[in-house]
Amino acid sequence: MSVGKAAVKVVRLGRISYRSALEVQQQHIKQHMDSCSTSPNTLLLCEHEPVYTIGIRQAPYPPEEEQRLKALGADFFRTNRGGLITFHGPGQLVCYPILNLACFKKSVRWYVCELERTVIKMCSTFGIEASTSPDTGVWVGNHKICAIGIHCGRYITSHGLALNCNTDMSWFDNIVPCGIVGKGVTSLSRELGRDVPPEEAIPKLLEAFTEQFNCTLTYN
């Protein structure tokens with residue numbers, strides 16, 4: 001291992017329900033919070049069954065709206081991450097970094113910016129010109145390709161990013177993604193005009209992450 005570089009363990013959860021992924025995140029967070037633990041920094045990679053999730057600004061989403069979305073065949077969760085409503089489902093690569101920012105830089109703003117830069121760098125390897133905007137996330141023009149919503153307590157991060165690979169984009173038609181009116185969503189597949197599954201994106205995302213966060217990866 002290179003001197004001065006933090007180690008990050010990659011854990012692939014496969015296709016998993018949102019509830020189960022929350023439980024896994026909480027297990028890793030608890031290990032970090034336990035002063036007797038030497039829990040490693042971890043990247044949890046997964047795909048979810050169809051689910052709509054909302055962040056800490058929940059006012060626009062009354063129970064009636066929750067029932068409408070559930071009737072479409074998706075689950076619905078209110079979470080403690082930042083941001084408004086988004087969709088997770090098959091064909092979307094979800095990455096939950098459970099990191100102690102003391103190993104990197106104790107700045108939530110820096111952390112979110114590094115996540116954005118990681119995705120931008122990954123997109124460039126596909127020949128896609130992505131960028132940030134005043135709205136959180138990563139964009140291709142006026143279309144969001146990757147949503148970012150994080151939680152950070154005592155400098156331990158949770159939640160993370162959701163990259164649209166070959167997602168069924170029609171799920172987004174039922175909401176205003178991330179509460180941003182007048183902008184759309186896109187995916188790697190839509191931008192490239194071919195099928196790009198999460199498996200193709202994973203190694204490129206991990207490579208970009210190691211470069212952006214100056215870390216080394218280990219695998220379980």
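From a predicted model like this one, the values you see are computed outputs, not experimental measurements.

Criteria and thresholds
- Within each chain, residues carry numbers counting from 1 in the order of the written sequence.
- Note on the predicted model: pLDDT of at least 70 is required for a residue's local features to be given, and 80 or more for side-chain atom pairs to be given and counted; whole-chain, interface and lining totals, by contrast, use all residues.
- Derived side-chain values reflect all non-hydrogen atoms in the structure, with water molecules and hydrogen atoms excluded from consideration.
- Here a strand is any run of E in DSSP of at least two residues, a helix any run of H or I of at least four, and the numbering for each starts at the N terminus.
- Partly exposed residues are those whose accessible area sits between 20% and 50% of the maximum for their type, while under 20% is buried and over 50% is exposed, using a 1.4 Å probe and protein chains only.
- Pairs of residues are marked as contacts when any of their non-hydrogen atoms sit within 4.5 Å.
- The method behind every accessible area is Shrake-Rupley, applied with a 1.4 Å probe, and residues are considered shielded solely by the protein chains displayed.
- Residues scored as charged are limited to Lys and Arg (positive) and Asp and Glu (negative), so that His and the chain ends carry no count.
- Every charge is mapped to an atom, namely NZ of Lys, CZ of Arg, CG of Asp or CD of Glu.
- Strands qualify as paired when DSSP identifies two bridges or more between them.
- The axes are straight lines fitted to the C-alpha atoms, using for helices just the contacting stretch, and the angles between their N-to-C directions are given from 0 to 180°.
- Each nonpolar core is a collection of buried residues, namely Ala, Val, Leu, Ile, Met, Phe, Trp, Tyr and Cys, held together in the definition by side-chain atoms within 4.5 Å.
- Working rule for helices: expected span equals 1.5 Å times residues minus one.

Student: Quick one: what's the story with the overall build of the chain, residue by residue and with numbers?
Tutor: Assigned secondary structure in the chain consists of five helices and eleven strands. The principal-axis extent of the C-alpha atoms belonging to the chain is close to 50 × 40 × 30 Å. Looking at the chain as a whole, 51% of its 220 residues qualify as buried. A separation of at least 24 residues holds for 75% of the contacts in the chain among residues at least 6 apart in sequence. Split by element, the accessible area of the chain, about 10100 Å² in all, is 49% carbon and sulfur. Mean positive and mean negative side-chain charge positions of the chain (22 and 20 charges, respectively) differ by 7 Å.

Student: How would you sum up the sheet that holds strand β5 (residues 86-88)? Please name residues and give values.
Tutor: Spatially, the three strands line up as an open sheet ordered β4-β3-β5, and their pairing is mixed. Where the open sheet ends on each side, the last strands, each with one partner, are β4 (75-78) and β5. Taken pair by pair, the neighbouring strands of this sheet meet at an average axis angle of 25 degrees, ignoring direction. Alignment of strand β3 (residues 51-54) against β4, held across four bridges, turns out to be parallel. Within β4, the position partnered with Y52 by the bridge is F76.

Student: Explain the environment of R15 residue by residue, including any values.
Tutor: Mapped onto the elements of the fold, R15 is located in strand β1 (residues 6-16). Considering only alpha carbons, one finds R15 and P90, 75 residues apart in sequence, at a separation of 7.7 Å. Ignoring any residue separated from it by four or fewer positions in sequence, one finds R15 in contact with E47, H48, E49 and P90.

Student: Outline the nonpolar core, supporting the account with residue identities and numerical values.
Tutor: If you look at the biggest cluster of nonpolar residues, it comprises 40 residues, and the most contacted ones within it are L163, L188, F209 and F213. Apart from residues lying up to four places away in sequence, F213 is in contact with L99, F104, W110, Y111, E114, L115 and T118. Among the nonpolar cores identified, the runner-up in size contains 16 residues, and V11, I16, Y18 and Y96 belong to it.

Student: Explain helix α5 (residues 198-213) to me, and be specific about the residues and the numbers.
Tutor: If you check α5, its first and last C-alpha atoms are 21 Å apart, about what 16 residues at 1.5 Å a residue would give, namely 22 Å. Buried within α5 we find P198, A201, I202, L205, L206, A208, F209, Q212 and F213.

Student: Provide a residue-level description of the pairing of strand β8 (residues 143-153), including the pertinent values.
Tutor: Along a regular strand, successive side chains alternate from one face of the sheet to the other. In terms of strand pairing, strand β7 (residues 138-140) meets β8 through three bridges, oriented antiparallel. Residue pairing across strands places W139 opposite K144, the latter belonging to β8. Hairpin geometry of β7 and β8 is characterised by an intervening segment of two residues between the two adjacent antiparallel strands and by a positive phi of about 65 degrees at G141. Sheet analysis places β8 next to strand β10 (residues 184-185), joined by two bridges and oriented parallel. The residue bridging H143 from the neighbouring strand is G184, located in β10.

Keep in mind these values describe shape, not function.
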